[in-house]
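# A look at the structure
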Amino acid sequence: MKRFALVGAAGYIAPRHMRAIKDTGNELVSAYDINDSVGIIDSLSPQSEFFTEFERFYDHAWRLKRDPAQALDIVSICSPNHLHHPHITAGLRLGCDVICEKPLVPSAAMLDDLALTERETGKRLWNILQLRHHKAIIDLKQQVQGSAQPHKHDVELTYITSRGKWYMESWKGDPRKSFGVATNIGVHFYDMLHFIFGKLQRNVVHFANESKAAGYLEYENARVRWFLSIDANDLPDSVKGKKPTYRSITCDGAEIEFSEGFTDLHTVSYQAILDGKGYGIEDARHCVETVETIRTMAPVVASNGEGHPILARLLG
């Protein structure tokens, strides 16, 4: 049984980590968040210590470290994006392996720094890249790799997940903390595309503001037109008023159905990590570099049919 700590226990994704810790037969020893809305702990790990100041959380973990029988083994991180780097390094320096939500960090330079901290501490950092464990994604990857005549597939990615006014008032609406909408809601899709279609060869941004972004990505085995949004006005008419989210990925005109099968992917990810088969810094590098480029690139006019269909409506 591994002894876990959880940083960011009041966040949206934290219950999936708590459940994964429990379902893999391990123990949540302590948790931290500046917010105290963490009642979910009662149903999953009521014996866990809880702190609202990071200094007290860190001090508690350090004191546990003095006794090998009580020391933490793994720190899981679900904190806001801009705090991932300091929280990861704190966990590694406590002598723990670390599991962190995506985006791991905003830049390739920060990945290099984390790799240095790994070497200094002798501990490992693992990234949750749960779509790599989804059966539909694995099946498509095998189909692409097994093609008798490899070619570039035409892919269209559309992800619209409606967010209310609270979003822009939270850390997620602050680009200094979330690193923008493409990074915050899109990073796992870019990892998925790389996982299936190989190395990225071209990256172009056509549109970007605080609530949506669109562009074109060309991989070894795919040409991808993508659109991401948190604006409910972008939902297709067939969905408006019925569902707050629209997710669609087509490959050569055929829809890839992966709307189901998400519920236990964190548990699957945890089990892979515990088995030594998780995804580390170098696995995350490709999607981190992708979103770093998207975030820093000036939008250009779409050409040669590379624009997403929604783009024409945005540009009038």
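Above this text you will find the structure in question.
Being a predicted model, the structure only gives us computed values, none of them experimental.

A tally of regular secondary structure across the protein gives 12 helices and 12 strands. Taken over the C-alpha trace, the protein has a radius of gyration of 20 Å; the compact-globule value for 316 residues is 20 Å, and the two agree within 12%. Burial analysis of the protein (316 residues in total) assigns 53% to the buried set. Approximately 14,700 Å² of the protein is accessible, and the part contributed by carbon and sulfur atoms is 49%. Taking the average location of the 36 positive side-chain charges in the protein and that of its 40 negative ones, the two points are 1 Å from each other.

Here helix 9 (residues 181-197) spans 23 Å end to end across 17 residues, near enough to the 24 Å set by a 1.5 Å rise per residue. Where helix 9 bends most, at Val187, the angle is about 60°. With 17 of 17 residues buried, helix 9 is to be regarded as a mostly interior element. Just beyond helix 9, the residue with positive phi is Gly198, at close to 90°.

Right, let's talk about the state of the cysteines for a bit. The final tally for this structure, using the stated rule, is 0 disulfides. Summary of cysteine pairing: Cys100 is not part of a disulfide, and the nearest cysteine sulfur, belonging to Cys78, is at 7.9 Å. Between Cys287, a cysteine without a disulfide, and Cys100, which holds the nearest cysteine sulfur, the sulfur-to-sulfur distance is 12 Å. Overall, Cys287 belongs to the buried group, its relative accessible area being 2%.

A separate point is the nonpolar core. Core analysis: the largest hydrophobic core is formed by 36 residues, its most contacted members being Tyr190, Leu193, Phe197 and Trp226. Where this core is concerned, the elements lending two or more residues are helix 6 (135-145), strand 7 (153-161), helix 9, strand 9 (212-219), strand 10 (222-229), strand 11 (245-251) and helix 11 (281-296). Examining the composition of this core, we find that 11 residues originate from one element, helix 9, more than from any other. Every residue in contact with Phe197, bar those within four places of it in the chain, is listed here: Leu140, Val144, His153, Val155, Tyr219, Glu220, Asn221, Ala222 and Cys251. Core analysis: the second largest hydrophobic core is formed by 26 residues, Val75, Leu92, Cys96 and Ala115 among them.

Analysis parameters
- Residues numbered from 1 in each chain as written.
- Predicted model: local features only at pLDDT ≥ 70, side-chain atom pairs only at ≥ 80, totals over all residues.
- Heavy atoms only, no water.
- Helix = DSSP H or I, 4+ residues; strand = E, 2+ residues; numbered from the N terminus.
- Rg over C-alpha atoms; globule rule 2.2 N^0.38 Å.
- Buried < 20%, exposed > 50% of the residue type's maximum accessible area, 1.4 Å probe, protein only.
- Areas by Shrake-Rupley, 256 points an atom, 1.4 Å probe, with all protein chains shown as cover.
- Lys, Arg positive; Asp, Glu negative; His and termini not counted.
- Charge placed at Lys NZ, Arg CZ, Asp CG, Glu CD.
- Expected span 1.5 Å × (residues − 1).
- Bend = angle between axes of the 7 residues up to and from the residue.
- Disulfide = S-S within 2.5 Å.
- Core = buried A, V, L, I, M, F, W, Y, C linked by side-chain atoms within 4.5 Å.
- Contact = heavy atoms within 4.5 Å.

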